[in-house]
Amino acid sequence: FNMSDSLAELRKRIDQFVEERDWAQFHTPKNLAMAMIVEAAELVEQFQWDTPEESQQLSPEKREAVSHELADTFVYLLRLAEVLEINLIEAANAKIDLNAKKYPVEKARGSNAKYTNYD
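Just so you know, these numbers come straight off a predicted model, no measurement behind them.

A.B. asks: Go over the overall build of the chain, please, and point to the residues and values.
C.D. replies: Scanning the chain from terminus to terminus reveals six helices and zero strands. The linear arrangement of helices and strands in the chain, starting from the amino end, is α-α-α-α-α-α. Over its C-alpha trace the chain gives a radius of gyration of 18 Å, far above what one expects of a compact globule, namely 14 Å for 119 residues. Reported as C-alpha extents along the three principal axes, the dimensions of the chain are approximately 55 × 35 × 35 Å. In the chain, which comprises 119 residues, the proportion classed as buried is 17%. Look at the contacts in the chain between residues 6 or more apart in sequence, and 58% of them connect residues 24 or more apart.

Okay, here's the thing in structure tokens:
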């Protein structure tokens with residue numbers, strides 16, 4: 001299983017889906033970012049009244065609903081990256097490198113404090 005190949009294939013499939021429907025005209029960065037947040041809100045809605053324990057033990061029906069909302073959010077994220085010509089793998093790796101500097105293991109391990117609150 002090669003994640004980058006699968007990601008590239010999915011981006012191509014999404015691009016083809018959009019092209020077949022002539023939807024690119026609607027896919028401005030603003031519209032895609034807004035659509036992504038709407039889908040992310042629908043994901044949050046799935047957990048809104050759950051206890052922490054309930055959110056970790058999903059019924060098959062709820063798992064499917066969560067899966068659909070994750071997929072919708074992911075598709076809009078990929079489409080936004082495509083439109084803006086941002087390589088998400090490179091961007092994520094660069095961000096992890098930045099976060100490793102902000103959150104050194106010796107200060108961050110086991111703590112949820114923001115880096116600005118370190119001594």
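Here the narrative resumes, following the displayed structure.
A.B. asks: Describe the layout of surface pockets, with residues and values.
C.D. replies: Summary: where empty space remains is shown by rolling a probe the size of a single water molecule over the atoms. Empty space within the largest pocket amounts to approximately 280 Å³. Contributions of two or more residues to the lining of the largest pocket are made by helix H1 (3-21) and helix H4 (60-84). If one sorts the elements of the lining of the largest pocket by residue count, H1 sits on top with seven residues. By residue class, the composition of the lining of the largest pocket is seven nonpolar, two polar and four charged.

A.B. asks: Lay out the pattern of salt bridges with the relevant residues and their values.
C.D. replies: As enumerated under the stated definition, the model contains four salt bridges in all. Arg11 is the partner of Glu82 in a salt bridge, and the nearest nitrogen-oxygen pair spans 2.6 Å. In this pair, Glu82 is assigned in helix H4 and Arg11 in helix H1, connecting sequence segments 71 residues apart. Classification of Glu82 as partly exposed rests on a relative accessible area of 27%. According to the relative accessible area criterion, Arg11 is buried, its value standing at 18%. Arg21 is the partner of Glu20 in a salt bridge, and the nearest nitrogen-oxygen pair spans 3.4 Å. Residue Glu20 is classed as exposed on the basis of its relative accessible area, which comes to 54%.

A.B. asks: Provide a residue-level description of the packing of aromatic side chains, including the pertinent values.
C.D. replies: Under the defined criterion, the tally for this structure stands at one aromatic pair. Between the aromatic rings of Phe17 and Trp23, the centroid separation amounts to 5.6 Å while the plane-to-plane angle is 70°, which identifies the pairing as edge-to-face. You can call Phe17 partly exposed: its relative accessible area is 40%. Here Arg21 stacks its cationic end above the ring of Trp23, 6.0 Å away from the centre of that ring.

A.B. asks: Break down the environment of Leu78 for me, with residues and values.
C.D. replies: By the element assignment, Leu78 lies in helix H4. Residue classification places Leu78 among the buried residues on the basis of a relative accessible area of 1%. Counting along the chain gives 57 residues from Leu78 to Arg21, while the straight-line C-alpha distance between them is 17 Å. Sequence-distant contacts of Leu78, that is, excluding residues within four places in its chain, are made with Leu7, Leu10, Arg11, Ile14 and Leu88.

Scoring rules and cut-offs
Residues numbered from 1 in each chain as written. Predicted model: local features only at pLDDT ≥ 70, side-chain atom pairs only at ≥ 80, totals over all residues. Heavy atoms only, no water. Helix = DSSP H or I, 4+ residues; strand = E, 2+ residues; numbered from the N terminus. Rg over C-alpha atoms; globule rule 2.2 N^0.38 Å. Buried < 20%, exposed > 50% of the residue type's maximum accessible area, 1.4 Å probe, protein only. Contact = heavy atoms within 4.5 Å. 1 Å grid on protein atoms, 1.4 Å probe; cavity = no way out; pocket = protein on both sides within 12 Å on 5 of 7 lines; lining within 4 Å. Points joined across faces, edges and corners; volume = space filled by probe spheres on them. Nonpolar A, V, L, I, M, F, W, Y, C, P; charged D, E, K, R; others polar. Salt bridge = Lys/Arg side-chain N within 4 Å of Asp/Glu carboxyl O. Phe/Tyr/Trp six-rings, centres within 6.5 Å; stacked < 30°, edge-to-face > 60°. Lys NZ or Arg CZ within 6 Å of the ring centre and 35° of its normal.

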